[in-house]
Amino acid sequence: MSLTAALETARSSLSVLSERTSVVSRNVANAGNDYATRKVAHSVTKTLGTGVRLASITRVTDQALYDNAVNANSAAGRFEALTASLDQLDQTINDPELDFSPAARLGKLGDAIQQFATAPQDVNRAQTTVLAAADMADGLNAATKLVQQVRTRADQQIADSVNNLNNLLTHFAEVNKDVVNNTRLGNDTTDLLDTRDQILNDISREIGIRTIARDNNDLAIYTDSGVTLFETQPRTVSFTPTLALNAADPGNAVVIDGVQVTGAAAPLPISSGRIRGLAEVRDDIAVTYQNQLDEIARGLISTFAETDQSATPSLPAQTGLFTYSSGSGAPAVPAAGTVLPGLAGEIRVNPAIDPSQGGDPFLLRDGGVNGAAYVYNGSGAAGFSDRLLQLGDSLHTPFSFDPAAQVDATATLTDFAANSVGWLQETRQSANTEFEFRTAVYERSVDSLTKVTNVNLDYEMTLLLDLERSYQATSRLISSVDTMFGSLLQAIG
């Protein structure tokens, strides 16, 4: 080997060693970053056989493990949203021992009626019964308010998620463009690919996705239902939030590039991600629970309604102990077997019976809130208890409920209220279990991915020592060449 060839070999070796050392330093700096992959520098002998050159820098990846982590992240995002909202809905029940649930309040009302029936002339027991009824109505009002707050909050969070998703897609477009351009130029794109993977992970938390790789490291993104999110350029994700949702308001759908992806009418509904979970709360779970509250309210109004007591009844049933907003049809009793949206937020104690509003609590015992035709105690006897006993029995008489409530089509009012509590608790527990499971899957997927792709500091430090020894060997070669050149020059001189 000539001295010139030896010097060129040493020079190229130093250049490659410098670049390899830089790669190792980048690896060490990224240690601890779950989505920063280990970079590997590959060197090859030059074409003419003199020296070496850096052929490429690649990253250690495992696409299958990465895809599993992304999918698990989407699933965890969905159930995280569900769990948080169901925890808020659970406030309508609170600790069962504190008797805050509709079922517990209904039980108190039933007990008060029984006590009143044993002493129908006792004004204190009459007032206690009306107070229990007022507590029942207040509980349903408060529960309805909370349910609609949860729905409105979910609607606003969907808007936040959509804004975040659009920002992430814009950022992804910028990074993806850099990846494609640098790939075409033959430049190192490993750090850019890591950044792009992190953005994809953030996108997957908001909405379920799948990706397709294309030439020059280009990437296209689709929802898990097949709607295009990014292909050359980001698609617009649109959503119009509602300032305040009422029981009868459905809420607006999330639309991607003109295609609806949430709601019952969505042709390609998404199945995972935070947006899916929030839409599920707003449009399904909270609505179903509201239907249950409304059916309890309808059951109360119907059970305590007054009927025509004439020898030949001809008048329709009218609201008795419980009434509701006149704008919804009171004093007429709501239609049988059909949920009236928002009724639980409108129910209240009839002012004619409520002593705090100047009413007579004994009208519950005697009837007549709606006139003489509706009087049950025709003799005016102070010891009349038939009406109270009949009301108490009615709480345990089978009643027809709207199937939209998803509890029981036929059940007693007390059983329906108890089963509603059970439905909410079961739904909440199921969502929480799924959230814990999906989170564990995500964490294990990330852990498995990092074991394959992440930096091992011990390995990198060992590699640095090897590079140092290579540098020393190259330095000795340069020194030897320098000595030989010096000897050659002296001989010539």
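Everything that follows concerns the structure shown earlier in this document.
First, a word on what this report is: a plain description of the structure on this page. Numbering of residues starts from 1 in every chain and runs along the sequence as written. With the structure being a predicted model, the display of local features is reserved for residues of pLDDT at least 70 and the display and counting of side-chain atom pairs for 80 or more, all residues being used for whole-chain, interface and lining totals. Note: side-chain values were computed over all heavy atoms of the structure, leaving out hydrogens and water.

## Some words on the overall build of the protein chain
Strands are runs of DSSP state E lasting at least two residues, helices are runs of H or I lasting at least four, and both sets are numbered from the N terminus onward. Assigned secondary structure in the protein chain consists of 11 helices and 13 strands. The buried label applies to any residue whose accessible area, calculated with a 1.4 Å probe on protein chains only, is under 20% of its type's maximum; exposed applies above 50%, and partly exposed to all values in between. Among the 493 residues that make up the protein chain, the fraction classed as buried is 45%. Restricting the contact set of the protein chain to residue pairs at least 6 apart, pairs at least 24 apart contribute 66%. What sets the accessible areas is the Shrake-Rupley method with a 1.4 Å probe; for residues, cover comes only from the shown protein chains. Of the roughly 22,900 Å² of accessible surface on the protein chain, a fraction of 51% belongs to carbon and sulfur atoms. What makes two residues a contact is simply this: any of their non-hydrogen atoms within 4.5 Å.

## Some words on the sheet that holds strand 3 (residues 209–213)
By definition, two strands form a pair when at least two bridges between them are found by DSSP. Taken in spatial order, the 4 strands line up as 3-4-5-6 in an open sheet, and their pairing is antiparallel. Both edges of this open sheet fall to strand 3 and strand 6 (233–234), since each of them pairs with a single strand only. Of the pairings in the sheet, the one linking strand 4 (residues 219–223) to strand 5 (residues 228–231) comprises 2 bridges and is antiparallel in character. Looking at the pairing, tyrosine 222 lines up with threonine 228 of strand 5. Each of strand 4, strand 5 and strand 6 touches helix 4 (residues 123–185); the most contacted strand, strand 5, lies at about 25° to it. Geometry is summarised by axes, namely lines fitted to C-alpha atoms with helices restricted to the contacting stretch, and by angles between N-to-C directions that run from 0 to 180 degrees.

## Regarding helix 3 (residues 102–118)
A helix is expected to span 1.5 Å for every residue after the first. For helix 3, built from 17 residues, the straight-helix expectation of 24 Å at 1.5 Å per residue is met to within 8% by its first-to-last C-alpha distance of 25 Å. Taken together, the buried positions of helix 3 are occupied by Pro102, Ala104, Arg105, Leu106, Leu109, Gly110, Ala112, Ile113, Phe116 and Ala117.

## Notes on the pairing of strand 3
In this sheet, strand 4 lies alongside strand 3 in antiparallel orientation, the contact comprising 5 bridges. Across the sheet, isoleucine 209 pairs through a bridge with threonine 223, a residue of strand 4.

## Describing unusual backbone geometry
Where the residue is not glycine, phi is negative for most of them; where a peptide bond is considered, it is trans in most cases. A positive phi angle, close to 60°, is found at asparagine 216, a residue other than glycine. Inspection of the secondary structure assignment puts asparagine 216 in the loop between strand 3 and strand 4.

## Section: helix 4
With 63 residues, helix 4 extends 92 Å between its outermost C-alpha atoms, agreeing within 8% with the 93 Å of an ideal straight helix rising 1.5 Å per residue. Between N or O atoms, a polar contact is any pair within 3.5 Å; within protein, one atom must be a potential hydrogen donor and the other a potential acceptor, and residues adjacent in sequence are included only when both atoms are from side chains. Sitting at the amino-terminal end of helix 4 is aspartate 122, which places a side-chain oxygen 2.8 Å from the backbone nitrogen of asparagine 124.

## Digging into the nonpolar core
By nonpolar core is meant a set of buried Ala, Val, Leu, Ile, Met, Phe, Trp, Tyr and Cys residues that side-chain atoms within 4.5 Å join together. Judged by nonpolar contacts, the single largest core of 100 residues is most densely connected at Ile203, Leu300, Phe304 and Phe322. It is helix 4 that provides the largest number of residues to this core, a total of 23 residues. When residues no more than four places from it in sequence are discounted, the contact partners of phenylalanine 322 are Leu109, Ala133, Met136, Ala137, Leu300, Ile301, Phe304, Ile347 and Arg348.

## Examining the sheet that holds strand 9 (residues 259–260)
Within the open sheet, the 3 strands sit side by side as 7-8-9. Their pairing is antiparallel. At either margin of the open sheet sits one strand with a lone partner, and together these are strand 7 (237–238) and strand 9. Across 2 bridges, the pairing between strand 7 and strand 8 (residues 255–256) is antiparallel. Of the residues in strand 8, the one forming a bridge with serine 238 is valine 255.

## A short note on the packing of helix 3 against helix 4
Packing of helix 3 against helix 4 leaves a shortest axis separation of 9 Å and a crossing angle of 165°. Taken together, the axes of helix 3 and helix 4 lie roughly antiparallel to each other. Helix 4 is crossed by helix 3, and the crossing has left-handed handedness. Only Arg125, Ala126, Thr128, Thr129, Ala132, Ala133, Asp135, Met136, Gly139 and Leu140 of helix 4 make contact with helix 3, whose side of the interface consists of Pro102, Arg105, Leu106, Lys108, Leu109, Ala112, Ile113, Gln115, Phe116 and Thr118. If an angle is under 35 degrees, it is roughly parallel; if it is over 145, roughly antiparallel; if it lies from 65 to 115, roughly perpendicular; otherwise it is oblique. In a left-handed crossing the near helix is turned counterclockwise from the far helix by less than a right angle, and in a right-handed crossing that turn is clockwise.

## Thoughts on the environment of alanine 173
Inspection of the secondary structure puts alanine 173 in helix 4. The spacing of alanine 173 and phenylalanine 230 is 57 residues in sequence and 7.9 Å in space, taken between C-alpha atoms. Once residues within four sequence positions are removed from consideration, alanine 173 is found in contact with Phe230 and Pro234.

## As for the pattern of salt bridges
Where charged atoms from two side chains of opposite charge approach closely, those side chains can pair. By salt bridge we mean one thing: a side-chain nitrogen of Lys or Arg within 4 Å of a carboxyl oxygen of Asp or Glu. The final tally for this structure, using the stated rule, is 16 salt bridges. Put simply, aspartate 90 and arginine 428 hold a salt bridge, and the shortest N to O gap is 3.8 Å. Linking aspartate 90 in the loop between helix 2 (63–89) and helix 3 with arginine 428 in helix 10 (residues 413–453), this pair joins segments that are 338 residues apart in sequence. By relative accessible area, which is 12% here, aspartate 90 ends up buried. With a relative accessible area of 27%, arginine 428 lands in the partly exposed category. Between arginine 235 and aspartate 257 there is a salt bridge whose closest N-O contact spans 3.3 Å. Here arginine 235, found in the loop between strand 6 and strand 7, pairs with aspartate 257, found in the loop between strand 8 and strand 9; they are 22 residues apart in sequence, far enough to count as distant. Classification of aspartate 257 as partly exposed rests on a relative accessible area of 48%.

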